[in-house]
Amino acid sequence: MQTPSAIMRRIPAIDRLLAAAAAFPELAAVPRELLVGSLRQAAEIVRGEALAGKEVDTTPAAILGIARRLLAHAGQPSLRRVINATGVVLHTNLGRAPLSRRARERVADVMAGYSTLEYDLAGGERGSRYSHVAARIAALTGAEDVIVVNNNAAGVMLVLSALARGREVIVSRGQLVEIGGSFRVPDVMAQSGATLVEVGTTNKTHLHDYERAIGPSTAAILKVHTSNYRIVGFTAQPEDGALATLARQHGLPLIEDLGSGTIRPVEADGWREPAVSERLAAGMDIVTFSGDKLFGGPQAGVIAGKKELVDTLRRHPLLRAIRVDKLTLAAFEGTLLDYLLGEPEHDIPVLSMLQAGERELADKSAALAGLLGDLPGWRAEVVPLVSRAGGGALPAVDLPGWGVRVRPERLSADAAEEKLRLRALPIIVRVKDDCLLFDVRCLAPEDLAEICGALEALAAEAAL
Ligand SMILES: *Cc1c(COP(=O)(O)O)cnc(C)c1O
C-alpha cells in the first residue's frame, strides 16, 4: 500500500501531460490555455482522490482521459441560468431575485455602449452615479437622501465606519443577528471600528436599558431587523417613537438595518414586513436594506435617510471601495421604474411569485402534471406544497402552494435529481420519499415544457 504522498509524487508534471496530449490529433485544435487548464484540473482530481485514500491511476493516459472529458464541457459557461423548482423564491445560492423585464432592458441598453453613468447631460459636465436612482428611491420612500452600494452588508459597514468608528453603538441583545454565516452584527461592528454595547436580554429590551447605556462615547443606536428568525412569547422592545425621542434628546442617530426592506408592506402568514417609508416615518434617521430581497432588484444595498448623515457617508473613503457598477444601477433603475410606472406586483418577478394565489399555482401544477401524464417512466400527481421566501426574508413564513410530485419508475429519485441538475440547462428540484417534488411557484411558463422534455429524455435513457 502506497502512501497518498507517494502516489501524488507519481502524478506527471504538466509538461509531460502536454507531451502525451500531442499524440491525440483532436487535441491539437484545443486552445493551449484550455488544454493546460483541463490537464491541471484533471491532475487535481486525481490528487484529491489519492488524498481521500482512493486507488488512483496516475499514468499520463488516465489523466488525459479525465482532461478530455472535462474539455467536452470547457466551453460551457460556469455561471449560467438554472430552472428553480425548489419553491424558494429568494434562493441565495440560485442568485436571489430574477430581474423584471424593465430591469433587463435597462441593463441591455447601458451595457453595450457608453452611458450617462457620471455625466450630467443638462450641464454637459461631470455628474454623480447615484443621481440615477437617488431621487426615485427618495420619491418612493420619503427619504431625504439616498446612496446605493454593493449590498446591504456593505451599507451597514459604511454607516458604522462613517458614523461610529472609535465610538460606541448600542444594540439590543435580541437583535445580534447572523445572516448566512458571513454577516454577523458583532463582527461587522468590530470590522467597522465601532464598539458594540449590548443592552437588554435576548427576549426583552426596555427603553431604560438603552437610556442607561448612553454615555459620552456613544455614537449611535442601531436597530437590526430580525430578518431570519423570530422571538416570540414573553418579549419586549421599546416603542419606535420613544426610542426615536431618546436618540434625538441625546443627539444620536437612530439607524436601522432592515435587511429585506420593501417599498410596499408585504404580508404573509400573519407576518408583516414593513415598508421602508414606514420605518423612516417611525423615526429612523437611516435605514439600510437589500436590493435583491423583497425589493426584487439586483444585488445592492440602499442607505436611505437624513441628508446630513447621507452626506457624511458620501464623503467617506470606504464608499469608493463598495460602489455599485453601471449594470447594477441600470437594473436598479429599471426596478424602480416598475414601482413608479408599472404594476410592481405583476412586473417584478419576486413580488409576483411571493403573492401568487393558490388557484394560479394549482392551475400551473395541473398544466405540468398534464404534460407529464403521458410520459412513460414517470407517475405524476398534483400535491399541495409549502414554499418559502428564502434569502433571510419572511422568517418561518409558510407560503401555501402547489406542485407536482413525480415518482420515477426506472431509476431512483436521487439519480434523477442528479441528472436534472447536470443538464446543460440545470433543473434544481427537491427529493422527498423517493419522489421528485416540482414546486411550480418559481417556474416560468416555458419551464414546464423544458421539464417535460428533460424527463422524457431521462426515461428514454434509463430504458436503454
Ligand atoms: C440580508 C440581510 C443583510 C445582508 O444583506 P445583503 O444584501 O445580503 O448583503 C444584513 N442585515 C439583515 C438584517 C439582513 O436581513
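Residues numbered from 1 in each chain as written. Predicted model: local features only at pLDDT ≥ 70, side-chain atom pairs only at ≥ 80, totals over all residues. Heavy atoms only, no water.

Asker: For this particular structure, what's the right way to read the site of the ligand?
Answerer: With respect to spatial proximity, the complete set of residues near the ligand consists of Arg96, Asn151, Asn152, Ala153, Ile179, Phe183, His225, Ser227, Asp257, Gly259, Ser290 and Lys293. Interatomic distance of 3.0 Å between a side-chain N/O atom of Arg96 and an oxygen atom of the ligand. A distance of 2.4 Å separates an oxygen atom of the ligand from a polar atom in the side chain of Ser290. Its free accessible area being 380 Å², the ligand has 94% of it covered by the protein chains. Listing elements by their share of the shell around the ligand, those giving two or more residues are helix 7 (152-164) and strand 10 (254-259). Here the shell around the ligand is composed, by residue class, of three nonpolar, six polar and three charged. (Near = heavy atom within 4 Å. Polar contact = N/O pair within 3.5 Å; in protein donor to acceptor, adjacent residues only side chain to side chain. Areas by Shrake-Rupley, 256 points an atom, 1.4 Å probe, with all protein chains shown as cover. Helix = DSSP H or I, 4+ residues; strand = E, 2+ residues; numbered from the N terminus. Nonpolar A, V, L, I, M, F, W, Y, C, P; charged D, E, K, R; others polar.)

Asker: Looking at this structure, how should I read the UniProt feature "domain: L-seryl-tRNA selenium transferase N-terminal" (unreviewed entry) in the protein chain?
Answerer: Look at the UniProt record and you will see "domain: L-seryl-tRNA selenium transferase N-terminal" (unreviewed entry) annotated at residues 9-47. The span residues 9-47 is 67% helical and 0% strand by assignment, and the distance between its end C-alpha atoms comes to 9 Å. (UniProt positions renumbered as here; feature names shortened; annotations may be inferred.)

Asker: Please explain helix 4 (residues 60-71) as it appears in this structure.
Answerer: Think of an α-helix as turning once every 3.6 residues; residues three or four places apart then point the same way. In this model, helix 4 (twelve residues) spans 16 Å end to end at C-alpha, consistent with the 16 Å of a helix rising 1.5 Å per residue. Every buried residue of helix 4 is listed here: Pro60, Ile63, Leu64, Ile66, Ala67 and Leu71. Down the axis, helix 4 shows its buried residues gathered within 160 degrees of arc, on one side only. Structural note: helix 4 exposes Ala61 and Arg69 on the side pointing more than 90 degrees away from its buried face. Here the buried face of helix 4 lies against helix 2 (14-21) and helix 3 (32-51). (Expected span 1.5 Å × (residues − 1). Buried < 20%, exposed > 50% of the residue type's maximum accessible area, 1.4 Å probe, protein only. Arc of directions from axis to C-beta. Contact = heavy atoms within 4.5 Å.)

Asker: Could you clarify how one ought to interpret the pairing of strand 16 (residues 399-408) in this entry?
Answerer: Each regular strand carries side chains that alternate between the two faces of the sheet. Both strand 15 (residues 378-387) and strand 16 contribute to a ladder of ten bridges, which runs antiparallel. When the bridges of strand 16 are listed, Glu381 appears paired with Arg405. Two elements, strand 16 and strand 19 (residues 435-439), share four bridges in a ladder whose sense is antiparallel. Paired with Val406 across the bridge in strand 19 is Leu436. (Pairing = 2+ DSSP bridges.)

Asker: I tried to follow the side chain of Thr218 on my own but got confused; where do I start?
Answerer: Looking at where Thr218 falls in the secondary structure, it is placed in strand 9 (residues 218-224). Residue classification places Thr218 among the buried residues on the basis of a relative accessible area of 2%. There is a polar contact of 2.8 Å between the side chain of Thr218 and the backbone nitrogen of Gly215. Leaving out residues up to four positions away in the same chain, Thr218 has contacts with Arg167, Glu168, Ile170, Ala213 and Leu252.

Asker: Before we go on, may I ask you to explain the pairing of strand 9 in this structure?
Answerer: Within strand 9, seven of the seven residues are buried, which leaves it mostly tucked inside the rest of the structure. In the sheet, strand 5 (residues 168-172) pairs with strand 9 via four bridges, with the strands oriented parallel. Opposite Val171, over in strand 9, you have Leu222 as the bridge partner. Where strand 9 meets strand 10, four bridges bridge the pair, whose relative direction is parallel. The residue of strand 10 that forms the bridge with Lys223 is Glu256.

Asker: Help me understand the UniProt feature "modified residue: N6-(pyridoxal phosphate)lysine" (unreviewed entry) in the protein chain in this model?
Answerer: As annotated in UniProt, the feature "modified residue: N6-(pyridoxal phosphate)lysine" (unreviewed entry) corresponds to Lys293 in the numbering used here. Setting aside its immediate chain neighbours within four residues, Lys293 contacts Leu90, Arg96, Ile179, Gly259, Ser260, Val350, Gly391 and Gly392.

Asker: Could you clarify how one ought to interpret the pattern of salt bridges in this entry?
Answerer: One side chain can pair with another of opposite charge once the charged atoms of both are near each other. Taken as a whole and assessed by the stated rule, the structure comprises 32 salt bridges. Among the ionic pairs, Asp338 bridges to Arg102, the shortest N-O distance being 2.8 Å. With a gap of 236 residues between them, Asp338 in helix 14 (residues 326-341) and Arg102 in helix 5 (residues 101-111) connect regions that are remote in the sequence. Note on Asp338: relative accessible area 1%, which makes it buried. Here the salt bridges share partners, and the residues they tie into one network are Glu118, Arg126, Arg129 and Arg323. (Salt bridge = Lys/Arg side-chain N within 4 Å of Asp/Glu carboxyl O.)

Asker: Can you help me understand the packing of helix 17 (residues 358-373) against helix 19 (residues 445-463) in this one?
Answerer: In a pair of packed helices, the angle between the axes and the distance between the axes together describe the arrangement. Between helix 17 and helix 19, whose axes approach to 9 Å, the crossing angle comes to 30 degrees. In terms of axis orientation, helix 17 runs roughly parallel to helix 19. Considering how the two elements wind past one another, helix 17 and helix 19 form a crossing that is right-handed. Across from Lys364, Ala367, Leu368, Leu371 and Leu372 in helix 17, the residues of helix 19 making contact are Leu448, Ala449, Ile451, Cys452 and Leu455. (Axes fitted to C-alpha atoms, helices over the stretch in contact; angles between N-to-C directions. Parallel < 35°, antiparallel > 145°, perpendicular 65-115°, else oblique. Left-handed = near helix turned anticlockwise from the far one by under 90°.)

Asker: How should the environment of Leu176 be read in this particular structure?
Answerer: Residue placement: Leu176 occurs in the loop between strand 5 and strand 6 (178-179). Residue Leu176 is classed as partly exposed on the basis of its relative accessible area, which comes to 24%. Through-space distance from the C-alpha of Leu176 to that of Gly373 is 50 Å; in sequence the pair is 197 residues apart. The residues contacting Leu176, other than those within four sequence positions of it, are Val171, Val185, Leu196, Glu198 and Tyr229.

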